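Residue-level structural notes
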Amino acid sequence: MFAEFRILVLFSALQAGLSYVTNIFLANKMGPDIFGQYSYVLVLGSVYTLFVTWGTAESGIRLRATYGDHVLSDILTLKVINFFIAGLSVLVSLVWDDSCLALLSLIAAMNALSYSTHYESKRLNVRFATVFLVERICMSVLFCVGVLFLDGGYITWLFSVMSLVQGASLFFQCLDNREFGLRVKRNSLMNIYRQGFFLMLFSLAKYSFGGITRLIIFQQLGDAKMGVFAAAWQFIPLSTIFFSQAIKAWRLKLTKSLDDRARSEFLRHLASLSLSVLAPAILACLTLTLIGAELIDILFSEKYVDARELIPYIGIYFIIVGLDTVVILLAVAVSAAHFASVIYLIFGSGTVVFCLVCPGTSLEFYALAIIVGHFLAVTASAHMVFRKVITRI
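The next thing to look at is the packing of helix α2 (residues 56-67) against helix α8 (residues 186-221). Remark: α2 packs on α8, axes separated minimally by 10 Å, with the N-to-C direction vectors making an angle of 150 degrees. When the axis of α2 is compared with that of α8, the two are roughly antiparallel. The handedness of the crossing between α2 and α8 is right-handed. On α8, the residues touching Thr56, Glu58, Ser59, Leu63 and Tyr67 of α2 are Asn191, Ile192, Gln195, Leu199 and Ser203. A breakdown of the residues in the contact of α2 with α8 according to their chemical character gives 4 nonpolar, 5 polar and 1 charged.

Here is the structure:
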């Protein structure tokens, strides 16, 4: 398990570093206005991604253990149906808003159709990580080459490249998992929809903090402020990519030890997970607190100087995301995701409503709202989840 985890972390570090360097180049080349538009499309695409996957990224392994391999074909079918529904909703929205940004968000959401759950079920996480890394390398190289030589039309180039590269990657994954095809079984699909509903709400509620709040920043403060906030926020994906690999490495072990009521084994895995997640998070927080502002000055042009004020908030948020990772994994393992989703929905909706009703004039206001709302959600969920864990072991 640790060998796989080390490889996944290495690949995640390469991917995160590549993405960060690419985004820094794009931000400096395009400026806050266009970079803000680009970031807005990615965030909106992530919202569609959560709808398309419908919680199967978290529940896929448990569904397969319960119903067998054929459920993986049902998951693929469900995602295709949801992507089609998302596409229809975007087309309808064009009646009121003729901006092409919503349409481009569908390209950003294409990654939701990936076969990540299928690879994980076959214990081929490293293979999928390799495919994903190659995809990101191709995309980053083409992004930078185009933006370097183009004089305008950056958004069109970026999302044209994204559609081609992600399309090629999905085609390869389809061939690599040809044993899983589309399978229309109404009862099975309705079962996955029913079981994934709270997980989907859970994911959307979680995304209310760092995702939907950024959509509000774009609408209330404009694309330039969104670009500045997105520049500072580039540190957060470095943590979430790392934490996602921790989930893959420990999810099966924790779930099995809970099902077997193996108390000592569960506590050992939980301690390993907590140490692997929280130690890097605390170290990252301290590093950003000490030299984060200087990093902004070094990495970004003077147009992004306001991002310096956000760095202390980003450092604190690293730790909250780490705690969130542990709590959510346990919530899914003890089948308490529906309880946690309600908690996150309450605090996530509360954060969004607060930002809408009491709009701020500074980026620090929104950063603080994200931190407070997410921390309250994690704390309340942890209390509920650990009570469930105690009854299981």
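Before going further, it helps to examine helix α11 (residues 263-299). In a regular helix each residue adds 1.5 Å, so 37 residues correspond to 54 Å; α11 covers only 47 Å between its end C-alpha atoms and thus falls short of that length. In the structure, α11 departs most strongly from a straight axis at Ile291, where the bend amounts to approximately 65 degrees. Every buried residue of α11 is listed here: Phe266, His269, Leu270, Leu273, Ser276, Val277, Ala281, Cys285, Leu288, Gly292, Ala293 and Ile296.

This part covers the pattern of salt bridges. Going through the model one piece at a time under the given rule, you end up with 5 salt bridges. Asp324 is the salt-bridge partner of Lys206, the closest N and O atoms lying 3.0 Å from each other. With a gap of 118 residues between them, Lys206 in helix α8 and Asp324 in helix α12 (residues 311-333) connect regions that are remote in the sequence. The class of Lys206 is partly exposed, set by a relative accessible area of 28%. Classification of Asp324 as buried rests on a relative accessible area of 3%.

The next subject is the packing of α8 against helix α13 (residues 337-357). The interhelical angle for the contact between α8 and α13, taken along N-to-C directions, is 15 degrees, at an axis separation of 7 Å. Relative to α13, the element α8 lies roughly parallel. α13 is crossed by α8, and the crossing has left-handed handedness. Its residues assigned to classes, the contact of α8 with α13 comprises 17 nonpolar, 7 polar and 1 charged.

Cut-off values and rules
Residues numbered from 1 in each chain as written. Predicted model: local features only at pLDDT ≥ 70, side-chain atom pairs only at ≥ 80, totals over all residues. Heavy atoms only, no water. Axes fitted to C-alpha atoms, helices over the stretch in contact; angles between N-to-C directions. Helix = DSSP H or I, 4+ residues; strand = E, 2+ residues; numbered from the N terminus. Parallel < 35°, antiparallel > 145°, perpendicular 65-115°, else oblique. Left-handed = near helix turned anticlockwise from the far one by under 90°. Contact = heavy atoms within 4.5 Å. Nonpolar A, V, L, I, M, F, W, Y, C, P; charged D, E, K, R; others polar. Expected span 1.5 Å × (residues − 1). Bend = angle between axes of the 7 residues up to and from the residue. Buried < 20%, exposed > 50% of the residue type's maximum accessible area, 1.4 Å probe, protein only. Salt bridge = Lys/Arg side-chain N within 4 Å of Asp/Glu carboxyl O.

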